[in-house]
Amino acid sequence: MVTTIDQKIAEWFNSNFGLGGEWPWGNLILCIISLVLCVALCGIIGYEREKRGRSAGLRTHLLVGVGSCMIMIVSIYGFSAIFGTRDPARLAAQVVAGVGFLGAGAIIHNNGGIKGLTTASTIWLVMAIGLCCGSMNFILAICGTVVVMLVLISFRSLERRISKSNPLLIMLAPSDVPVMTVLLKVAKDYSCSVTDVTSQIVKDGDASRIEVTFKLSPETNKEIDIDEIIKRLENDAHAVSIQVLNHH
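Asker: Give a detailed account of the overall build of the chain, specifying residues and quantitative values.
Answerer: Counting its regular elements, the chain contains 9 helices and 6 strands. Restricting the contact set of the chain to residue pairs at least 6 apart, pairs at least 24 apart contribute 66%. Within the structure as shown, the chain displays about 14700 Å² of accessible surface, and the carbon and sulfur contribution to it stands at 61%.

Right, dumping it as structure tokens:
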């Protein structure tokens, strides 16, 4: 019979603290440690999301992580205590699928852009950290949390630098103006290419406007002069408003 790591740790608690007897006190202490560590690790990630003002913050990440941890503990100890068998993977697989739907609810499609992908990913990750804690893989859970925080904090400046070279714009202009002709001409003058173009007619009071969402990509290594392009579009296309979504 194979002895698992959690069983060895539980036996160590029982032998070193005099917790032997009929009741598995070592397993109980191990479960408590799992929950406390899960709260600490998932709380760190949730705090970062809360601080950034995201839709899923501290409480959401804590609940997902602790719930995953509890299900994993029940999967390991609950059924073995009743039926004498251990198949932890069955409940864990259901958690992975279920939390995927929860993360999808944090994703928002708006004006051709997508928001909430990072938050949805962190929800899925705290689920994984909860499963690690519940299965007593404490070192893996700690290392995973460190990697997640490095990505969320350290890679933010790199992501901004990359997105700065491909800004996403939303332009609102009068519907009787040849917007696409003007847009392509201005982009050509500034050595840019226009991609991911979507347009729709919207109502602005009694007037009809055309809303165009597009990305600009430089054709050379030169950085895009977004302020000059906006001024040209306001003058030539008579743009009422121009929003830049991912240019910092």
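Back to the text.
Asker: Outline the pairing of strand 4 (residues 192–204), supporting the account with residue identities and numerical values.
Answerer: Bridging between strand 4 and strand 5 (residues 207–218) involves 11 bridges; their strand directions are antiparallel. Residue pairing in the sheet places Ser193 in a bridge with Ser217 of strand 5. If you look at the hairpin formed by strand 4 and strand 5, you'll find 2 residues sitting between the two strands, and Gly205 has a positive phi there, around 75 degrees.

Asker: Any chance you could break down the packing of helix 5 (residues 117–134) against helix 6 (residues 138–154) for me, citing the residues and the numbers?
Answerer: Between helix 5 and helix 6, the shortest axis-to-axis distance is 8 Å and the interhelical angle comes to 165 degrees. The angle between helix 5 and helix 6 places the two elements in the roughly antiparallel class. For helix 5 against helix 6, the interelement crossing comes out left-handed. For the pair helix 5 and helix 6, contact is made by Thr118, Thr122, Leu125, Ile129, Cys132 and Cys133 and by Phe138, Leu140, Ala141, Thr145, Val148 and Leu152, respectively. Among the residues forming the contact of helix 5 with helix 6, the class breakdown is 9 nonpolar, 3 polar and no charged.

Asker: Requested: an account of the nonpolar core, with residues and values cited.
Answerer: Counting residues in hydrophobic clusters, the biggest one holds 30 residues, and the most contacted among them are Ile45, Tyr77, Ile129 and Cys133. Among the nonpolar cores identified, the runner-up in size contains 23 residues, and Val179, Val212, Ile229 and Leu233 belong to it.

Asker: Would you mind going over the environment of Lys231 in detail, with residue names and values included?
Answerer: Structurally, the position occupied by Lys231 is in helix 9 (residues 226–236). For the pair formed by Lys231 and Ile242, sequence separation is 11 residues and the distance between their alpha carbons is 9.7 Å.

Asker: Lay out the sheet that holds strand 5 in plain terms, naming residues and giving numbers.
Answerer: Strands sit in the order 4-5-3-6 across an open sheet of 4 strands; the sheet is antiparallel. Each edge of the sheet is formed by a strand with only one pairing partner; in this case those strands are strand 4 and strand 6 (241–244). Going across the sheet, the axis of each strand differs from the next one's by a mean of 20 degrees, ignoring polarity. Strand direction decides the pairing type here: strand 3 (residues 168–174) and strand 5, joined by 7 bridges, are antiparallel. Its bridge partner lying in strand 5, Leu168 is registered against Lys215. The strands touched by helix 9 within the sheet are strand 3, strand 4, strand 5 and strand 6, with strand 6 carrying the most contacts at an inclination of about 155 degrees.

Asker: Can you lay out a nonpolar patch on the surface for me, pointing to particular residues and giving the numbers?
Answerer: A cluster of nonpolar side chains, namely Leu28, Ile32 and Val36, defines an oily patch on the protein surface of about 270 Å² accessible area. Residue position: Ile32 is located in helix 2 (residues 25–51).

Asker: Could you give an account of the pattern of salt bridges, naming the residues involved and the relevant values?
Answerer: Going through the model one piece at a time under the given rule, you end up with 4 salt bridges. With a closest N to O distance of 3.4 Å, Lys185 and Asp189 form a salt bridge. Of this pair, Lys185 and Asp189 both sit in helix 8 (residues 179–189), separated by 4 residues, roughly a single helical turn. Residue classification places Asp189 among the partly exposed positions, given a relative accessible area of 42%. Between Arg232 and Asp236 there is a salt bridge, with its nearest N and O atoms 3.0 Å apart. Remark: Asp236 and Arg232 occur in helix 9; sequence separation between them is 4 residues, near one turn of the helix. Judged by relative accessible area, Asp236 falls into the partly exposed class, the value being 34%.

Asker: Outline the environment of His238, supporting the account with residue identities and numerical values.
Answerer: You can see His238 is positioned in the loop between helix 9 and strand 6. The spatial distance from the C-alpha of His238 to the C-alpha of Leu172 is 9.0 Å, given a sequence separation of 66 residues. Beyond its immediate chain neighbours, meaning those up to four positions away, His238 contacts Ala173, Pro174, Val177 and Leu233.

Asker: Hey, could you go over the environment of Glu48 for me, with residue numbers and the actual values?
Answerer: Here Glu48 lies in helix 2. Judged by relative accessible area, which is 6%, Glu48 ranks as buried. On a C-alpha basis, the gap between Glu48 and Leu58 in space is 7.9 Å, while along the polypeptide they are 10 residues apart. In this view, Glu48 contacts Met149, Leu152 and Arg156; residues no more than four positions away in its chain are not counted.

Cut-off values and rules
- Residues numbered from 1 in each chain as written.
- Predicted model: local features only at pLDDT ≥ 70, side-chain atom pairs only at ≥ 80, totals over all residues.
- Heavy atoms only, no water.
- Helix = DSSP H or I, 4+ residues; strand = E, 2+ residues; numbered from the N terminus.
- Contact = heavy atoms within 4.5 Å.
- Areas by Shrake-Rupley, 256 points an atom, 1.4 Å probe, with all protein chains shown as cover.
- Pairing = 2+ DSSP bridges.
- Axes fitted to C-alpha atoms, helices over the stretch in contact; angles between N-to-C directions.
- Parallel < 35°, antiparallel > 145°, perpendicular 65-115°, else oblique.
- Left-handed = near helix turned anticlockwise from the far one by under 90°.
- Nonpolar A, V, L, I, M, F, W, Y, C, P; charged D, E, K, R; others polar.
- Core = buried A, V, L, I, M, F, W, Y, C linked by side-chain atoms within 4.5 Å.
- Buried < 20%, exposed > 50% of the residue type's maximum accessible area, 1.4 Å probe, protein only.
- Patch = residues over 30% accessible without salt bridge, like charges linked within 9 Å, V, L, I, M, F, W, Y side chains within 5 Å.
- Salt bridge = Lys/Arg side-chain N within 4 Å of Asp/Glu carboxyl O.

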